[in-house]
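Next come the chains, spelled out residue by residue.
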Amino acid sequence: MEFLTQLIVAGLMSGAVYGLMAVGIILVYKSSGIFNFAHTAIVVMGAFVFWALITQLHLPFWLAVVLLLIWSLILGFLIQRLALRPLIGQPILAAIMATLALAEILNGIVTLIWPGLGRVYQPAFMPTGVIRAGNLVTISINQLASFVVCLVAFGIFTYFFQRTRIGLAMRATAEDQQLARSFGIKVERVLAISWVIAIITAAIGGILTACLYGVNPIVSEVAIYAFPAVIFGGLESITGGVIGGLALGVLQNIGAGYLDPFVGGGLKELAPYIILLLVLIFKPYGLFGYERIERI
Amino acid sequence: MRPCGTFDEDYRHDMAIIRTRFQWIMLGLLLVTLLAIFPYFLSDYVLSTINVIFITIIVVLGLNILTGYTGQISIGQAAFVGVGAYASAVLSTRLGLPFWICLPFAILVAALIGLIFGLPSLKLKGFYLAMSTLAAQYVIPWIIIHTPSITFGINGCPAASPRLGDLVINSEREWYYLLLIFVTVGIFFAKNIARTKPGRAFVAIRDNDLAAEIMGINIFGYKILSFIICSAYAGLAGSLLAHYQGMVVAEQFSLMSSIWYLGMVIVGGMGSIVGTIFGVVVIRGLRELVMITTPMLTTIFPVLKESLGAAMTSIGFGLVVLLFLIFEPRGLAHRWELLKNSMRIWPMPY
């Protein structure tokens, strides 16, 4: 029993981070119809930028957060303006390839500025230690904190989309760009904002992952799990992304926990892709996605 | 467009790839250059670069048939190359079979795996399909690494050099000739697939799959066929790569190489065989250029770090692909057509 609860809790902890990164991808997809393969690179870059601000420049926490926000604004604006706006109306391969090329550029920039292998990341703002709940689970406070951060972020996003004006504008744009435009919503601005928010979620996800694994290429391997999470939850639903992330984390941990002895370990890296393939074969549009019906 | 005075008098002439005397002369010159001048006047380093380019051309030809002609996006081509490479290397090392048996077997295995990962294309298209090939990109290397009893796991699998009678093909020049044969056959085959019934079906599926289905094209069958051809090319290239290097490791077949292959298709021009060659040569050339210039840069500006080369290749590749997508989405093949047309009427403006 303890084994199972332990696996489920650990799955929820890591799944929340996948969910957070998935939300960023879904947000961009909903507003602009582009599936952002560069998300993993942005996650890594966000982790590195924040690490550099805190550890290399010794800035206080709040200033680093402000600078990270400014970085997201600039990057979001640049991506939207230089790379993706010229590609409106091009076939889907162009958009996919553009984000892949973008990912290569961002990876290159990260390698250029912070060469070599990973760095240990032991930020002062992350509490350490372990708590035990009865004899059911043992959680490191580090992971619990990142789980809480994700939940808070989900809460803020939900509030943002349901209650604020710009959130409403974003939902309207996602529904129908032409109609939104005719109601006086500045679609370009909405697209730029959705990119910026996506980059912020990526950065938070990257920082949380980096707290667990250090700032290194492993962060990007974890970030890729956001893709299966997105497909699992469905492309069109933000709630779907969150649930997809959590479910993926749980399934990944349970699968790896129970099946590892039979295959000789390492199933944890593989499980998300097996789940991805199964979802694609049996329920391609995910739990909450819209099924595409084609008519002539 | 065809120069004046070229008349097609029968069907055979109309369908010929090479139709004018000038084209025959150019082909002859090209053959002389490739067969006699390149292997004897270039250094081993340049020859090895050309050999890698040859192998890459075979990979990208397959990908261009799948992505450029059929319009199915695959970001898992490197994994299929890995399947071919490991199939060939394992047979060669574990069973001691000669290269000439390993090679067709590798093609078969890769085609089969390609067929399996092409199956989701029954229901999916666009980037959902890209997702399933992304899964292939992670599942296949994982399986290779985690079955060390067959594949030697992370240590990499050795592969013996091919033999032709008493001749062991292991120098760069011998490999050059061998690869040249395979590349020529590969190009010829790809060029002709594009001109046959399946080729036209591929293009129809790419342009509008609903319309294609209404015209009576068996979409699923042709999509699967396209996947099979694509991964068969990957398998051929993989087998050649394994025996050329003498050793394969699973890390070679990363997501990044798959992205590079796709970038070559974009830069060269989707749905063009000549474009494939241009794309591979340009992107590989860019990489060589960066690799040559970065040591100089680091000596001039010692602030720059040693990982500059890797960083600059990534950035350069990304920028080139992005610029091509924005400014010349039809790729170098289109520019080549424009150039040929303007040369044909040169020096007159009309």
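Fair warning: this is a prediction, and the values are worked out from it, not measured in the lab.

Visitor: Could you clarify how one ought to interpret the overall build of chain A in this entry?
Guide: Counting its secondary structure elements, chain A contains 12 helices and two strands. Going from the N terminus to the C terminus, chain A shows its helices and strands as α-α-α-α-β-β-α-α-α-α-α-α-α-α. Across the 296 residues that make up chain A, the buried fraction comes to 50%. Contacts spanning at least 24 positions in sequence make up 72% of the contacts within chain A whose residues lie at least 6 apart.

Visitor: Would you mind going over the overall build of chain B with me for this structure?
Guide: What chain B contains, in helices and strands, is 15 helices and four strands. Computed over its C-alpha atoms, the radius of gyration of chain B comes to 21 Å, within 12% of the 20 Å expected for a compact globule of 350 residues. Sorting the 350 residues of chain B into buried and exposed places 43% on the buried side. Long-range contacts, defined here as pairs at least 24 residues apart, represent 76% of the contacts in chain B between residues at least 6 apart.

Visitor: Got a minute to help me understand the interface of chain A and chain B in this structure?
Guide: In many reports, interface size means the accessible area that the parts give up when they come together. Each partner contributes residues to the interface: chain A has 38 residues there, and chain B has 39 residues. If you list the elements that add at least two residues to the side of chain A that touches chain B, you get helix 4 (92-113), helix 10 (226-233) and helix 12 (267-282) of chain A. The greatest single-element share of the side of chain A that touches chain B, amounting to 16 residues, is contributed by helix 4 of chain A. The class makeup of the residues in the side of chain A that touches chain B is 28 nonpolar, seven polar and three charged.

Visitor: Would you mind showing me how to read helix 13 (residues 273-300) of chain B here?
Guide: For an α-helix the count is 3.6 residues per turn, leaving residues at separations of three or four pointing the same way. All names here are of chain B. Here helix 13 contains 28 residues, and its C-alpha end-to-end distance of 41 Å stays within 8% of the 40 Å for a straight helix at 1.5 Å per residue. Bending of helix 13 peaks at approximately 30 degrees at the position of T293, with proline P295 no more than four residues after it. If you check which residues of helix 13 are buried, you get I273, G275, T276, I277, G279, V280, I283 and V290.

Visitor: Help me out: how do you make sense of the packing of helix 3 (residues 44-69) of chain B against helix 12 (residues 255-268) of chain B in this one?
Guide: Angle between the axes and distance between the axes are the two parameters that describe a pair of packed helices. All names here are of chain B. Interaxial distance between helix 3 and helix 12 falls to 9 Å at its minimum, and their mutual angle equals 70 degrees. Looking at the two axes, helix 3 sits roughly perpendicular to helix 12. In the crossing of helix 3 with helix 12, the sense of the turn from one axis to the other is right-handed. Residue-level inspection shows V59, V60, L63, N64, T67 and G68 of helix 3 in contact with helix 12, the latter providing Y261, L262, M264 and V265. A per-class count over the contact of helix 3 with helix 12 returns seven nonpolar, three polar and no charged.

Visitor: Before we go on, may I ask you to explain the environment of A180(A) in this structure?
Guide: Residues and elements named next belong to chain A. Relative to the assigned elements, A180 resides in helix 7 (residues 177-182). For A180, a count of 21 C-beta atoms within 10 Å puts it in the buried group. Among residues more than four places away in sequence, those in contact with A180 are A169, A172, T173, I185 and V187.

Visitor: It is not clear to me how helix 10 of chain A should be interpreted in this structure. Could you clarify?
Guide: With eight of eight residues buried, helix 10 of chain A is to be regarded as a mostly interior element. Those residues of helix 10 of chain A that fall on the buried side of the exposure criterion are A226(A), F227(A), P228(A), A229(A), V230(A), I231(A), F232(A) and G233(A). Residues of helix 10 of chain A that are buried in the fold lie against helix 1 (2-32), helix 2 (39-56), helix 9 (218-224), helix 11 (238-263) and helix 12 of chain A together with helix 6 (127-145) of chain B. At the C-terminal side of helix 10 of chain A, G234(A) shows a positive phi close to 105 degrees.

Visitor: What should I look at first to understand the packing of helix 3 of chain B against helix 13 of chain B in this one?
Guide: Residues and elements named next belong to chain B. Orientation of helix 3 relative to helix 13, taken along the N-to-C sense of each, is 135 degrees, at an axis distance of 9 Å. One finds that helix 3 runs oblique with respect to helix 13. Here helix 3 runs over helix 13; the crossing is right-handed. Contacts between helix 3 and helix 13 involve T49, I53, T56, I57, V60, L61 and N64 on the former and, on the latter, I273, T276, I277, G279, V280, V281, R284 and E288. Residue composition of the contact of helix 3 with helix 13, grouped by class: eight nonpolar, five polar and two charged.

Visitor: Whenever I open this one, the environment of E213(B) confuses me. Can you help?
Guide: Residues and elements named next belong to chain B. With respect to the element layout, E213 can be found in helix 10 (residues 209-214). Given 15 C-beta atoms within a 10 Å radius, E213 is considered partly exposed. Expressed as a C-alpha distance, the spacing of E213 and A201, which sit 12 residues apart in the sequence, is 9.8 Å.

Visitor: Looking at this model, I keep getting lost on the confidence of the model for chain B. Mind explaining?
Guide: Note that predicted coordinates carrying low pLDDT should not be read in detail. This prediction gives chain B a mean pLDDT of 84; 96% of its residues lie at or above 70. Both scores are given for the predicted complex: the pTM is 0.89, the ipTM 0.86.

Visitor: I'm lost on the confidence of the model for chain A in this one. Help?
Guide: Chain-level statistics for chain A give a pLDDT mean of 81 and a share of 90% at 70 or above. At the low end of the mean pLDDT range in chain A sits strand 1 (residues 130-133) of chain A, at 68; at the high end sits helix 10 of chain A, at 87.

Calculation criteria
Residues numbered from 1 in each chain as written. Chains lettered and ligands numbered in written order. Predicted model: local features only at pLDDT ≥ 70, side-chain atom pairs only at ≥ 80, totals over all residues. Helix = DSSP H or I, 4+ residues; strand = E, 2+ residues; numbered from the N terminus. Buried ≥ 20, exposed ≤ 12 C-beta atoms within 10 Å, placed from the backbone. Contact = placed C-beta atoms within 7 Å. Rg over C-alpha atoms; globule rule 2.2 N^0.38 Å. Nonpolar A, V, L, I, M, F, W, Y, C, P; charged D, E, K, R; others polar. Expected span 1.5 Å × (residues − 1). Bend = angle between axes of the 7 residues up to and from the residue. Axes fitted to C-alpha atoms, helices over the stretch in contact; angles between N-to-C directions. Parallel < 35°, antiparallel > 145°, perpendicular 65-115°, else oblique. Left-handed = near helix turned anticlockwise from the far one by under 90°. pLDDT = per-residue confidence, 0-100.

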